[in-house]
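The residues making up each chain are set out below.
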Amino acid sequence: MTAQTGQPARTEARTGYGVARQQPQPANLADILERVLDKGIVIAGDIKVNLLDIELLTIKIRLLVASVDKAKEMGIDWWENDPMLSSRGTGDLAQENEQLKRRVRELESGDD
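Predicted, not measured: the structure shown is a model, and the values here were computed from it.

S.K.: Break down the pairing of strand β3 (residues 41-51) for me, with residues and values.
M.R.: The side chains of a regular strand alternate between both faces of the sheet. Here β3 runs beside strand β4 (residues 54-65); their pairing, made up of 11 bridges, is antiparallel. For L51, the partnering residue across the bridge sits in β4 and is I54.

So this is what it looks like as structure tokens:
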């Protein structure tokens, strides 16, 4: 890709009659990944298991592949507050744990 136009780079071959333009070269894996992360891609599918027209199991699969910046643009930021994925959530979890321990001790001692 060229930096100025964002278009795939074209190769040129000189012939005796001037410059012959060839087709754009196929994008490499890095270019494809850059485009996917920049734009985002959603893959959605459902798996259903039926037995004699009775639905036994349904699995809904949704996959979003995007950069963190693109996800935030779309309003997706669940990883920021997830205590398993973020260091910010661990302080609240520890505080809540202490409160629950204190409450259990109060209930076990008979104080209310």
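S.K.: Please provide a residue-by-residue account of the pattern of salt bridges, values included.
M.R.: Under the definition given, this model contains four salt bridges. Among the ionic pairs, K101 bridges to E98, the shortest N-O distance being 4.0 Å. Taken together, the positions of K101 and E98, both in helix α3 (residues 88-109) and three residues apart, correspond to about one turn of that helix. Looking at E98, the relative accessible area reads 41%, which means it is partly exposed. When the shortest N-O distance is used, the salt bridge between E106 and R103 registers 3.4 Å. With E106 and R103 both in helix α3 and three residues apart, the pair spans about one turn of that helix. When its relative accessible area of 32% is taken as the criterion, E106 is described as partly exposed.

Calculation criteria
- Residues numbered from 1 in each chain as written.
- Predicted model: local features only at pLDDT ≥ 70, side-chain atom pairs only at ≥ 80, totals over all residues.
- Heavy atoms only, no water.
- Pairing = 2+ DSSP bridges.
- Helix = DSSP H or I, 4+ residues; strand = E, 2+ residues; numbered from the N terminus.
- Salt bridge = Lys/Arg side-chain N within 4 Å of Asp/Glu carboxyl O.
- Buried < 20%, exposed > 50% of the residue type's maximum accessible area, 1.4 Å probe, protein only.

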